[in-house]
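Coordinates in review
Take a look at the letters that make up each chain.
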Amino acid sequence: MGFIATILVGILAGWLAEKIMKTDVSIWMNLVYGLIGSALGSLVLGLVGMDSPSGIIWGVIVAAAGACLAMFIVKKVKERAK
């Protein structure tokens, strides 16, 4: 994937995760969560013995799932810090 496509997939994945997790973050945080989610999702797939996704649709799905996981972790850390 090219640089622009990676940014767009990251924003889309972050936005999807934002809607799934019912949070309200900025477009910049959507990008951050989407990019972190992409790495996290690929890592989880690798740990269970699956290949990284090929194609934009599967990439968005894996990145959104990873972004949801990242949002969940951040939420739990913030709750624990209180």
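Preceding this paragraph is the structure being described.
Analysis parameters
- Residues numbered from 1 in each chain as written.
- Predicted model: local features only at pLDDT ≥ 70, side-chain atom pairs only at ≥ 80, totals over all residues.
- Heavy atoms only, no water.
- Axes fitted to C-alpha atoms, helices over the stretch in contact; angles between N-to-C directions.
- Helix = DSSP H or I, 4+ residues; strand = E, 2+ residues; numbered from the N terminus.
- Parallel < 35°, antiparallel > 145°, perpendicular 65-115°, else oblique.
- Contact = heavy atoms within 4.5 Å.
- Nonpolar A, V, L, I, M, F, W, Y, C, P; charged D, E, K, R; others polar.
- Buried < 20%, exposed > 50% of the residue type's maximum accessible area, 1.4 Å probe, protein only.
- Lys, Arg positive; Asp, Glu negative; His and termini not counted.
- Salt bridge = Lys/Arg side-chain N within 4 Å of Asp/Glu carboxyl O.
- 1 Å grid on protein atoms, 1.4 Å probe; cavity = no way out; pocket = protein on both sides within 12 Å on 5 of 7 lines; lining within 4 Å.
- Points joined across faces, edges and corners; volume = space filled by probe spheres on them.
- Expected span 1.5 Å × (residues − 1).

**Points about the packing of helix α1 (residues 3-21) against helix α2 (residues 27-47)**
The description of two helices packed together rests on the angle between their axes and the distance between the axes. With their axes 7 Å apart at the nearest point, α1 and α2 run at an angle of 100 degrees to one another. Judged by the angle between their axes, α1 and α2 are roughly perpendicular. Mapping the contact onto sequence places Thr6, Ile7, Gly10, Ile11, Ala13, Gly14, Trp15 and Glu18 in α1 and Ile27, Asn30, Leu31, Gly34 and Leu35 in α2. Class assignment of the residues belonging to the contact of α1 with α2 gives a composition of 7 nonpolar, 5 polar and 1 charged.

**A short note on the side chain of Glu18**
Here Glu18 is to be found in helix α1. Notably, Glu18 is buried but unbridged: the nearest opposite-charge side chain belongs to Lys19, and the N-O separation is 4.7 Å.

**Things to note about the layout of surface pockets**
Of the voids in this model, the second largest pocket is the one considered here, and its volume is about 150 Å³. As for the second largest pocket, its lining consists of Thr23, Val25, Tyr33, Met71, Val74, Lys75 and Lys78. Looking at side-chain class alone, the lining of the second largest pocket contains 4 nonpolar, 1 polar and 2 charged residues.

**Some details on α1**
Residues that lie three or four places apart on an α-helix share one face, since the helix turns once every 3.6 residues. Between its first and last C-alpha, α1 extends 27 Å over 19 residues, near the 27 Å set by a 1.5 Å rise per residue. Residues of α1 that are buried make contact with α2 and α3 (56-81). Looking at the residues trailing α1, positive phi occurs at Lys22, about 55 degrees.

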